[in-house]
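What follows is each chain in one-letter form.
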Amino acid sequence: MFAVLLAIFCNVLWGSAFPFIKLGYRLFAIDSSSTASIFCFAGVRFMLGSFLVLLGSVLLQSRLPKFPRDKVAAECCALGLWQTTTQYAFYYIAVAMLTGAFGGILNSTQSFMGVILAHFLYGNKDRLTPRKALGGAALGFGGVLVATLGNHGGGSVKGMAFMLIASVIFALAGPWNKAVTQHADSFSVSVLNLGVGGLALAVLGFAMGGSLHPQSAAGIPVLLFLAFISGAGYVIWALLMKNNPVSRIAVFGLIIPIMNVLLSALLNGEPLFEWNYLAALVLVCIGIFLVNRAPQTQETKA
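Residues numbered from 1 in each chain as written. Predicted model: local features only at pLDDT ≥ 70, side-chain atom pairs only at ≥ 80, totals over all residues. Heavy atoms only, no water.

Before we go on, may I ask you to explain the side chain of Ser230 in this structure?
The topology assignment puts Ser230 in helix α9 (residues 219–243). Here Ser230 is in contact with Arg45, Phe46, Gly49 and Leu194, once residues within four sequence places are set aside. (Helix = DSSP H or I, 4+ residues; strand = E, 2+ residues; numbered from the N terminus. Contact = heavy atoms within 4.5 Å.)

So this is what it looks like as structure tokens:
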């Protein structure tokens, strides 16, 4: 039960990221054309998140994580430049161009892309079963198509393209991340991933002339909360994955698009009862459920 509660809490955090980023843009007066300031905002968030992961490691393990050296350290830094810098450069620009509800649904495609990619990388160890194909291809991507009907989500083709690119990068980074953690402490990998990736984003943003100027006192707490999402999310998820079957925990990912839609309506005044959003949400959640429950069903039969 404790693991279930932690999994729900972790996915509620991740599901709140998209609408809180949009809220942060408003509080820092960042618009969709301010790419440099968008990078500054993202970079500072992830550097703070890296510090929180480091703190979490000290609190949970009573010591600093053992950082890798030489080739493994270089690979961790390269992973940070790919998974954090490159992915979130596209992601954060897309957030500024799309509504939270539509962007969150669109971003959920990363769950299904990962399933398809795993089939080609791991073969029979993680093959694409009919149930996964139904959940990922038919329902998951079908939900995204339904969400686009009626031109909801801001009508930004560029924003849609950038969000899909970010999802592809996330899916490609998954196997790389898994491989790196076989040779290094998961906490140290997370610290380097967020820290190096966030630093690169911040340096790039400030070098391009970006800046961060909160327009109200609420701006700083929102930025700190986003950093907490990054730090706490990595720490909690690492513990859950270490001590529980992956298939039993991953299924709670269906909470993420639900939180995206609900909080986007609550925090940013976006429409909640649009038929295509609700229909897409149902399809996406069923798809995530089918994709992540499939491995557990096979284990039970065995």
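Read on for the rest.
Help me out: how do you make sense of the nonpolar core in this one?
Generally speaking, a soluble globular protein has its nonpolar side chains buried in company with each other. Of all hydrophobic cores here, the largest spans 50 residues; its most connected members are Ile21, Tyr25, Phe41, Tyr91, Tyr92 and Met163. Mapped by element, the contributors of at least two residues to this core are α1 (2–27), α2 (35–61), α3 (70–97), α4 (100–107), α7 (157–180), α8 (186–207), α9 and α11 (255–268). No other element matches α1, which puts 10 residues into this core. Sequence-distant contacts of Tyr25, defined by excluding residues within four places in its chain, comprise Ile30, Ile38, Phe41, Tyr92, Val95 and Ala96. Counting six residues, the second-largest nonpolar core is a separate cluster that includes Cys76, Val180, Ala184 and Leu192. (Core = buried A, V, L, I, M, F, W, Y, C linked by side-chain atoms within 4.5 Å. Buried < 20%, exposed > 50% of the residue type's maximum accessible area, 1.4 Å probe, protein only.)

How should I be thinking about α11 in this particular structure?
In an α-helix, one full turn covers 3.6 residues, which means residues spaced three or four apart are oriented alike. Here α11 is 14 residues long and its end C-alpha atoms lie 19 Å apart, about the 20 Å a rise of 1.5 Å per residue gives. Taken residue by residue, α11 has Ile255, Pro257, Met259, Asn260, Val261, Leu263, Ser264, Ala265 and Asn268 as its buried positions. Downstream of α11 by a residue or two, Gly269 has a phi angle that is positive, lying close to 65°. (Expected span 1.5 Å × (residues − 1).)

Is there a simple way to think about unusual backbone geometry in this case?
With a phi close to 60°, Ser62 is a non-glycine residue in the positive phi region. Take Ser62: it is sitting in the loop between α2 and α3. On the basis of relative accessibility, which here comes to 65%, the residue Ser62 falls in the exposed class. With a phi angle near 55°, Asp70 is a residue other than glycine that sits in the positive phi range.

When you look at the environment of Val196 in this model, what are you seeing that I'm missing?
Relative to the helices and strands, Val196 resides in helix α8. Assessed through its relative accessible area of 23%, Val196 is described here as partly exposed. Ignoring any residue separated from it by four or fewer positions in sequence, one finds Val196 in contact with Cys77, Leu81, Thr85 and Val191.

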